[in-house]
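Structural overview for review
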Amino acid sequence: MIELEHVTRAYGEGPHQVRALDDISATIAEGEFVVVLGPSGSGKTTLLNIIGALDTPTSGTVRVAGQDITTASRGQLFAVRRRTVSFIFQGFNLFPGLTARENVQFAIDACGRKGGASADEVLESVGLTVQARQFPHQLSGGEQQRVAIARALATGNPVLLADEPTGELDFQTGVRILELLQKQSGPGRAVIVVTHNRQIARAADRVIELSSGRISSDGPPQGGKANVADLYW
Amino acid sequence: MGRRRVGRPTLPTSTGRWSAAGLWLRWSWRDLKARWIQVAAIALVIALGTGSYAGLSSVTKWRRASTDDGYARLNMHDLRVELAQGSTVPEGALLEVARELGGGGVVDQAEERLVVPIQVDASTEERAILVPGSIYGVNVSDSGPGVDGLFVDLGRELTDDDVGKPVALLERHFGKYYDLPPTGTLEISGGQRIDYAGQTLTPEYFLVTTDRGGLIAEANFAALFTSLATAQQLTGREGLVNDLVLTVVPGSDRDALKAELTGLLAVRFPAVGATVTTREEDPAFKIIDADIDGDQQIYDIFAVLIFAGAVVAAFNLIARIVESQRREIGVAMVLGVPPARIAIRPLLVAAEIALLGVVFGVGVGVLLGQAMVSVLKDFSPLPAWHTDFQWGVFFTVGAIGFLFPFLATTWPVWRAVRVPPVQAIQSGYRAARGGGLAPLFRWVRVPGNTFAQVPVRNVVRAPRRSFLTSLGIAAAIAALVAFVGLIDSFLATIDRGEREILSANPDRLEVDLDRPYALDSEVVRVIRESPLVDQVEPQLRLGSVALKDGEDFGLQVQVLALDSTVWAPRLTAGAVDREQQGIYLSELAARNLGVRVGDSLTLRHPRLEATGTFSLVETELTVLGLHQHPFRFVAYMDSNQAGLFNLAGTTNLLEVVPVEGPTRDDMKRALFPLPGVVSAQGVSEVSEVIDDLLSEFVVLLRVIEGALLVLALLIAFNSASINMDERAREHATMFAFGVRVRTVLRMAVVENLILGIMATIAGVVAGWLLLRAIIAIRIPSTLPDLEVIPVISPTTLAISVFLGVLAVALAPLLTVRKLRRMDVPATLKVVE
Ligand SMILES: Nc1ncnc2c1ncn2[C@@H]1O[C@H](COP(=O)(O)OP(=O)(O)O)[C@@H](O)[C@H]1O
Ligand SMILES: [Mg+2]
């Protein structure tokens, strides 16, 4: 579903050049729940943005759902974001002027999806019903992130990208959000969660560890996959 | 320096005071550069505001100084004595009276004159220029006259050599209007020819007015100045004078002297009516004086509006900058920097913007002042125009232009440095601001998907910002509407008068006679039988005064057959009743007198006595109706009521309808030379003259209009651009969801459209109210005889709507480049 071949993303020129990603190759299949782990500055966000067609690599090839985004036009990149990937952000980035339901509906409108689950149904699937008519500033952080997840899910897109989704949340809430995300992987859908937290990584089927822009390890979590409920951080 | 060398190494408190100041300056300068387009836009708004105000206020000072200088240089009279029309006294008699004034020693200079109405034929090859005028016989010795002197603009002065010879000077405004050569020959009453050796300015004609309320009367009035002896010979009044002008020693009470002089004259010449007027009562002096003040009042009003726009724009930008520096402010707080010091950086930005604006403003002011004064020099020539740079004006206006936008920005800065540090450094969702009024407007659902909801919600979410944005745009639109509306209203007034006068037989001419003639007299018969004339309607026109409850003003009562087929006034109230004694007033006259149809007023009017002379009597008259003419002094009575004046069966005004064929000039040439005819004028000429003179101003008006337009556009662009900055994060999120640039732009356009519509409605309404206020305070003082009804033409309205709605709505399109080039990952990452 996602194929990265010798992907490099460099910033700047000459001696001051920073390689945020340095010759990354990996493949992520449908149904996988992958955690990208690494310390701050290791290139996690850059990787996620490239997969999400927000950024293009300096060299290498990236294919998402069969589409080569390194050669895609601007319009095609927009189309990938509409139909293939969906983002969940650390800071949620909900539209403050729209209610929870409208935020979800916005994503449905953006991807142009007809039929399928309604905004209310998607909200219900993330455990929000009474809050549907609230505005983001009236919700708690966990609730806001649920709305953000619902918004990403509502597109029905096969790739879910979450950048530090628990970073702004307390432990208990973070665990629940992680559980929610984990549940979303399955047939036809891959979930990629970025974190610097080794504990969170234990909930994954597969951990891609980054260090200074390179993959330092790729495989099941160290010490084996753990139940989300058993995590602590 | 460096007294407080304790503290944190990275903070300005640790370094010397001067290098600290340097850091803050550099830092604020970087903030400025980061938003240079918005900064430039606001600076330009401030520049236009301060510049135009300083420039126009300078013009006021220049006009004041130049006219004062003109009056001083040409020694304008303090008091003037005019004998009743037709009366004269021997040379020296008036001077003798003057010498007695104040027991002697009060009068500085006094000169006798002979002023006689004449006809002037200044026709050129191309056109017939046949107008009434006056010949002034004055002292020309020793570069005279000494009082009400002459400033020869073209040609040469008159000297002793010209005494008794048919040589004169022509009043400059008249010569200028008709583009007459500097010297030439004229024909005056009785076919006499007189050379004019030049064209001259004189205080009494710094502005040409007539007793018929015509304001810009140079097209239809020619004053000639010649030696006293020449005037006496040409008019057959050897050794006689009828006019005295004098100046008094400084500090004298002119009003008291006027009363004294009136008394002395009544004793010395009991059989001769004499009127004494002070300088302040001179019509030209009065209007020029009121006009300068009135114009300044208008500049004041516009300046306030433009400043309001600039202040709001500066406020919005600084509020935005402070908002984006929230975290940095928080960090500084955590580091213990006192709020006052934190405030320095955004305040410096504000100060730099305001300063930039004021500096540009000096340029704008100088340019506008020069443009304005060059038009004025042409429009109202004076002996000398003093146009030195007005340091005081520029300094004061500059200080205001700097202080107000600056002070406005202290509010968001103060608010920002007052938040608790923990709140200031919060990041992410906790820092997200509240929803404003959005929860209240939850039920507001516009048709369409969520893309349609976003713009509406954004407007209601930040009500204060939406309000301020609209306010800035509204201020600019209000200024535009009021300014252009002023021109519209004035033109509409002229138009209204024209439509009324031209409602029937628009080719007809008005022929004024020098006195009432019997209907079967020679002059009336000749005109009636002329082969060029189709119809003649004999009428009367009599200067009168309307009085009611202490209010009084002049009327020109036109006595005519109100069922005439040649032309008759159209009424807006009341009805024509030819048999009832009464008067038909203009709406303005009725309003000023506080009368309605059916009420009565007192008319002080001339009545022909058995002795053949006129006396002034007062008669109580009923107001029978109101007519449509916008001039207050226009009043009508039916010819059946001519007996009131004892003038039944006579005429001094003929409405002449020409036959098919002859031109207006042909008609004038035929009618003007007839004995008894004072003037012959096409009825449409008055408005033609005003249109003509207005066109001189049109360029300048367009420049000001253009400046206001640019201003409104700048404010619109600025708010759009600040708005886009504020929405950057939301837009980045939308892009992450694959929403297309054009969809995002469409939302921004709709959001601006909503703001634009609100602003336009507010701006047009405010502009309209302002226009009404300006007309209400301005017109009665400078043009009391003109009823200017505030109107906004469809074009003006269209421009405002275009500006406020279209331009504001489309302003986000200017940011399309920025939007397309947005670094989406970076914008999403930015934690504000
Ligand atoms: N726009 C940019 N310009 C220059 N360097 C950047 C930019 N974005 C990221 N980097 C650099 O790339 C590296 C990886 O950044 P990022 O992917 O955000 O790391 P992570 O998300 O793992 O913290 C860092 O060293 C960062 O400084
Ligand atoms: Mg990151």
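If you're wondering where the values come from, they're calculated on a predicted model, not measured in any experiment.

Each value, and the rule that gives it
Residues numbered from 1 in each chain as written. Chains lettered and ligands numbered in written order. Predicted model: local features only at pLDDT ≥ 70, side-chain atom pairs only at ≥ 80, totals over all residues. Heavy atoms only, no water. Helix = DSSP H or I, 4+ residues; strand = E, 2+ residues; numbered from the N terminus. Rg over C-alpha atoms; globule rule 2.2 N^0.38 Å. Lys, Arg positive; Asp, Glu negative; His and termini not counted. Charge placed at Lys NZ, Arg CZ, Asp CG, Glu CD. Buried < 20%, exposed > 50% of the residue type's maximum accessible area, 1.4 Å probe, protein only. Areas by Shrake-Rupley, 256 points an atom, 1.4 Å probe, with all protein chains shown as cover. Core = buried A, V, L, I, M, F, W, Y, C linked by side-chain atoms within 4.5 Å. Domains from an automatic or database assignment. Contact = heavy atoms within 4.5 Å. Buried area = accessible area lost by both parts, 1.4 Å probe. Salt bridge = Lys/Arg side-chain N within 4 Å of Asp/Glu carboxyl O. Near = heavy atom within 4 Å. Polar contact = N/O pair within 3.5 Å; in protein donor to acceptor, adjacent residues only side chain to side chain. Expected span 1.5 Å × (residues − 1). Pairing = 2+ DSSP bridges. Nonpolar A, V, L, I, M, F, W, Y, C, P; charged D, E, K, R; others polar. Phe/Tyr/Trp six-rings, centres within 6.5 Å; stacked < 30°, edge-to-face > 60°. Patch = residues over 30% accessible without salt bridge, like charges linked within 9 Å, V, L, I, M, F, W, Y side chains within 5 Å. Axes fitted to C-alpha atoms, helices over the stretch in contact; angles between N-to-C directions. Parallel < 35°, antiparallel > 145°, perpendicular 65-115°, else oblique.

Description of the overall build of chain A
Counting its regular elements, chain A contains seven helices and 10 strands. Against the compact-globule benchmark of 17 Å for 233 residues, chain A has a radius of gyration of 17 Å, which places it among compact chains. Seen through its principal axes, chain A has C-alpha atoms that stretch 55 × 45 × 35 Å. On chain A, the mean spot of the 22 positive side-chain charges and the mean spot of the 24 negative ones are 4 Å from each other.

Remarks on the overall build of chain B
The secondary structure content of chain B amounts to 23 helices and 22 strands. Overall size of chain B, expressed as C-alpha extent along the three principal axes, is 105 × 65 × 50 Å. Here chain B holds 832 residues, and 54% of them are scored as buried. Of the roughly 35,200 Å² of accessible surface on chain B, a fraction of 59% belongs to carbon and sulfur atoms. Here chain B contributes 76 positive and 89 negative side-chain charges, whose respective centroids are spaced 23 Å apart.

A look at the nonpolar core
Core analysis: the largest hydrophobic core is formed by 62 residues, its most contacted members being Ile318, Ile353, Phe483 and Leu708 of chain B. When residues of this core are assigned to their parent elements, the largest contribution, 13 residues, is made by helix α14 (residues 463-501) of chain B. Here this core gathers at least three residues from each of two domains, domain 1 (28-76 + 282-424) and domain 3 (437-499 + 697-832) of chain B. Contacts of Phe483 of chain B, omitting those with residues within four sequence positions, involve Phe302, Leu701, Ile704, Glu705 and Leu708 of chain B. Counting 55 residues, the second largest nonpolar core, distinct from the first, contains Leu47 and Ala72 of chain A together with Val741 and Val824 of chain B.

Here's the deal with the interface of chain B and chain A
The partner chain A presents 34 residues to the 34 residues of chain B that form the contact. Of the roughly 3,100 Å² buried at the junction of chain B and chain A (both faces included), carbon and sulfur atoms supply 62%. Linking chain B with chain A are one salt bridge. When the shortest N-O distance is used, the salt bridge between Arg457 of chain B and Glu102 of chain A registers 2.5 Å.

Here we look at the site of ligand 1
As a matter of local geometry, ligand 1 sits amid Tyr11, Ala20, Pro39, Ser40, Gly41, Ser42, Gly43, Lys44, Thr45 and Thr46 of chain A together with Lys829 of chain B. Chains contributing residues near ligand 1 are chains A and B. One of the side-chain nitrogen or oxygen atoms of Tyr11 of chain A is found 3.4 Å away from a nitrogen atom of ligand 1. Between ligand 1 and Thr45 of chain A, the relevant distance is 2.6 Å, taken from an oxygen atom to a side-chain nitrogen or oxygen of the residue.

Considering helix α3 (residues 100-111) of chain A
Every α-helix winds through 3.6 residues per turn, so residues three or four apart in the chain are directed the same way. Along its 12 residues, α3 of chain A runs 17 Å from first to last C-alpha, staying within 8% of the 16 Å computed at 1.5 Å per residue. By the criterion of burial, α3 of chain A is predominantly enclosed, with 10 of the 12 residues buried. Among the residues of α3 of chain A, Ala100, Glu102, Asn103, Val104, Phe106, Ala107, Ile108, Asp109, Ala110 and Cys111 of chain A are the ones counted as buried. Buried residues along α3 of chain A sit in contact with α2 (74-83), α4 (119-125) and α5 (141-154) of chain A together with α13 (450-461), α19 (728-736) and α20 (741-782) of chain B.

Remarks on the pairing of strand β1 (residues 2-11) of chain A
Residues and elements named next belong to chain A. As defined by bridge partners, β1 adjoins strand β2 (residues 18-28) across seven bridges and the pair is classed as antiparallel. Considered in β2, the bridge of Tyr11 is made with Val18. Across five bridges, β1 lies against strand β4 (residues 59-64) in antiparallel orientation. Residue pairing for β4: Glu5 is matched across the bridge by Thr61.

A word on the domain arrangement of chain A
Residues and elements named next belong to chain A. Looking at chain A, the domain boundaries give domain 1 (1-13 + 26-84 + 158-233) and domain 2 (94-156). Using only C-alpha atoms to locate each centre, domain 1 and domain 2 end up separated by 22 Å. Counting residues at the interface gives 13 residues for domain 1 and 12 residues for domain 2. In total, about 1,000 Å² of surface goes out of reach between domain 1 and domain 2, with carbon and sulfur atoms giving 66% of it. A per-residue breakdown of the area domain 1 buries against domain 2 is headed by Arg82, Ile177 and Leu180, which together make up 39% of the total. At the junction of domain 1 and domain 2, the tally comes to zero salt bridges. Applying the counting criterion to the domain 1 and domain 2 interface returns one residue pair in polar contact (both at pLDDT 80 or more). Within the residue set of the side of domain 1 that touches domain 2, elements represented by two or more residues are α2 and α6 (171-184). When residues in the side of domain 1 that touches domain 2 are grouped by element, the largest group, six residues, is from α6. Tallied by class, residues from the side of domain 1 that touches domain 2 come to seven nonpolar, two polar and four charged.

Re the packing of aromatic side chains
Following the criterion strictly, the structure yields 18 aromatic pairs over all chains and no others. Judged by centre distance (5.1 Å) and plane angle (65°), the rings of Phe106 of chain A and Phe451 of chain B are edge-to-face. Here Phe106 of chain A is found in helix α3, whereas its partner Phe451 of chain B is found in helix α13 on a different chain. Of the two residues, Phe106 of chain A and Phe451 of chain B, neither departs from the other in class, the shared state being buried. Residues Phe389 of chain B and Phe394 of chain B carry aromatic rings whose centres are separated by 4.5 Å and whose planes lie at 25° to one another, so their mutual orientation is stacked. Taking relative accessible area as the criterion, Phe394 of chain B reaches 11% and is therefore assigned buried. In this structure an aromatic cluster arises from ring pairing among Tyr136, Tyr205, Phe221 and Phe225 of chain B.

Some details on unusual backbone geometry
Most peptide bonds adopt trans geometry, and most residues besides glycine take a negative phi value. Residues and elements named next belong to chain A. Look at Asp23: it is not a glycine, yet its phi comes out positive at around 60°. As for its position among the elements, Asp23 is in strand β2. Classification of Asp23 by relative accessible area gives partly exposed; the value is 40%. If you check the backbone angles, Asn93 has positive phi at about 50° while not being a glycine. Looking at where Asn93 falls in the secondary structure, it is placed in the loop between β6 (85-88) and α3.

Describing the pattern of salt bridges
All names here are of chain B. This model, assessed by the stated rule, comprises 49 salt bridges over all chains. As a salt-bridge pair, Asp162 and Arg156 come within 2.9 Å of each other at their nearest N and O atoms. By relative accessible area, which is 6% here, Asp162 ends up buried. Notably, a salt bridge pairs Arg578 with Asp638, separated by 2.7 Å at the nearest N-O pair. Within this pair, whereas Arg578 is found in the loop between β16 (571-574) and β17 (582-586), its partner Asp638 is found in strand β20 (residues 634-638), the two being separated by 60 residues in sequence. The exposure class of Asp638 is buried, given its relative accessible area of 1%. A single network of salt bridges, built from pairs that share partners, joins Arg80, Glu82, Arg113, Asp148, Glu204 and Asp243.

Side note on a nonpolar patch on the surface
Together, Leu753, Ile757, Ile761, Val765 and Leu769 of chain B make up a nonpolar patch on the protein surface, roughly 420 Å² of accessible area in all. Tracing the sequence through the fold places Leu769 of chain B in helix α20.

Observations regarding the packing of α5 of chain A against α6 of chain A
Residue and element names in this part refer to chain A. Contact geometry for α5 and α6: axes closest at 10 Å, N-to-C directions at 10°. Between α5 and α6, the angle is such that the two are roughly parallel. Packed against α5, whose contacting residues are Gly142, Gln145, Arg146, Ile149 and Leu153, the element α6 presents Thr173, Arg176, Ile177, Leu180, Leu181 and Gln184 at the interface.

Examining the sheet that holds β1 of chain A
Working definition: the strands of a sheet are paired by backbone hydrogen bonds and lie parallel or antiparallel to each other. All names here are of chain A. Taken together, four strands build an open sheet; the order of strands is β2-β1-β4-β5 and the sheet is antiparallel. Looking along the sheet, the strands with just one partner apiece sit at the ends: β2 and β5 (67-68). Summarising the sheet, β4 and β5 pair through two bridges and their orientation is antiparallel. What sits directly across from Val64, in β5, is Gln67.

Overview of the side chain of Ser470 of chain B
Residues and elements named next belong to chain B. For Ser470, the position within the fold is in helix α14. Of note is the side chain of Ser470, whose polar atom sits 2.8 Å from the backbone oxygen of Ser466. Not counting residues within four places of it along the chain, the set of residues in contact with Ser470 comprises Leu755, Met758 and Ala759.

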